[in-house]
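The chain contents come next:
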Amino acid sequence: MNKKFIKYVSVLSVVVVLALVVSGCAQTGAHMHAPTGGPYGLIYKYLGVPFQNLILATAKIVGGKNAYAWGIVIISFVVRLLLLPLSLNQQYKSTTQQEKMRAVQPQLALLQEKQKEVKDPAVSQKLSALMMDIYKKNNLSITGGMGCLPLLLQMPILIAIYQAVQYSKQIGSAVFLSIPLGKPSFVIAMVATVFYVIQSWMSLQIVPQEQRKQMQMMLFMNPMFTFFISMYASAALALYFLVGGVVILIQQALTNYVMVPKVRRETDEYLKEHPIEVVVNEEILEKIINGSSNGSAKAVEGTESSDTPKDEHAKLRELNKGKQNIDKK
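This report concerns the structure included in the present document. Quick caveat, the model's predicted, so the values are computed rather than measured.

1. Examining unusual backbone geometry
Now for step 1: Even without being a glycine, Leu-177 presents a positive backbone phi close to 55 degrees.
Now for step 2: For Leu-177, the location among the structural elements is in the loop between strand E1 (175-176) and strand E2 (179-180).

And the structure:
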């Protein structure tokens, strides 16, 4: 359930951003007229224009040939730093849940093993209910404490930066180290992707060994997503991802070397005072499985005996009488 939820949220987020960027990629750098009506007009008015003005103001302060690019970098860095406490809080909750999951893992592994062996749908349903009990009675979240709020909050920023470059001739025609901001850049896309690959690798180091194979695909979706968007969007948007990659590396370092050791100590102390409640063991599962099997067998026997009609017994008696008369003769 946890893995499915994470998968659905990740895929949904990718689809939303892809739809946003790809829908206007063909126009990037064309500096078309800004939308004035409908939902796109409202988005541009309340997101694109403010970010446009912010980038222009920052560029004016910075000055120089690459001023507009540095304006995007500075604004992106400030935005990601503002989101950092929220991201760290979500990471703390997720890590705490992950450590508690380690304690109940033997019960979950045993239950999953028995579920593979069971063929009876009724028994399988009972075992699924027991899995929910393990989570509930041990105060564990089905979603693993994972939150998508930081990701959702970034969506307006992505839209704003995209539109700020899309509809501003000054920003769209600016360059960063001779790279046009209004066109895709393979170099910036690759550098940004490398940061996210390193971050994904660091994330795997704090995941339990038995869960790493399950997590690999999900963790490396982020670099793939970054590379795809950066290759098709403007270099300005790729710069936002690049800055985000730097900040997320800082966040991951704090998680690996500060947060995780602290959470593990706290979880150990908590479990000493609140031991894990045993919901399933071999004996409980055997009773459920064998009890249901015996009940099914008895039901089948009862059905067979009740399905034999009385007239069938009468016919058998008549046949036996016939055989006895033949024998006497």
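From this point, things continue past the structure.
2. Re the nonpolar core
Now for step 1: Of all hydrophobic cores here, the largest spans 36 residues; its most connected members are Phe-51, Ile-72, Leu-181, Ile-188, Leu-237, Leu-239 and Phe-241.
Now for step 2: Of all the elements in the fold, those that place two or more residues in this core are helix H2 (38-62), helix H3 (67-117), helix H5 (149-166), helix H7 (186-204), helix H9 (221-232) and helix H10 (235-273).
Now for step 3: Broken down by element, this core gets its largest block of residues, 10 residues, from H10.
Now for step 4: In this structure, Ile-72 is in contact with Ile-55, Val-165, Ile-171, Leu-181, Ala-236 and Leu-239, ignoring residues within four places of it in sequence.
Now for step 5: Formed by 18 residues, the second largest nonpolar core is a distinct cluster that contains Val-104, Val-118, Val-279 and Val-280.

3. Some words on the pattern of salt bridges
Now for step 1: Taken as a whole and judged by the stated rule, the model has seven salt bridges.
Now for step 2: A salt bridge links Lys-272 to Glu-269; the nearest nitrogen and oxygen atoms lie 3.8 Å apart. Separated by three residues within a single helix, Lys-272 and Glu-269 lie in helix H10, roughly one turn from each other.
Now for step 3: The exposed category is assigned to Lys-272, whose relative accessible area is 64%.
Now for step 4: Since its relative accessible area comes to 45%, Glu-269 is described here as partly exposed.
Now for step 5: Note that Glu-283 is salt-bridged to Lys-287, the shortest N-O span being 3.7 Å. With Glu-283 and Lys-287 both in helix H11 (residues 282-306) and four residues apart, this pair spans about one turn of that helix.
Now for step 6: We classify Glu-283 as exposed; its relative accessible area is 54%.
Now for step 7: Look at Lys-287 and you get exposed, because its relative accessible area is 58%.
Now for step 8: A cluster of three or more residues bridged by salt bridges with shared partners is formed by Glu-99, Arg-102 and Arg-264.

So, how was this worked out
- Residues numbered from 1 in each chain as written.
- Predicted model: local features only at pLDDT ≥ 70, side-chain atom pairs only at ≥ 80, totals over all residues.
- Heavy atoms only, no water.
- Helix = DSSP H or I, 4+ residues; strand = E, 2+ residues; numbered from the N terminus.
- Core = buried A, V, L, I, M, F, W, Y, C linked by side-chain atoms within 4.5 Å.
- Buried < 20%, exposed > 50% of the residue type's maximum accessible area, 1.4 Å probe, protein only.
- Contact = heavy atoms within 4.5 Å.
- Salt bridge = Lys/Arg side-chain N within 4 Å of Asp/Glu carboxyl O.

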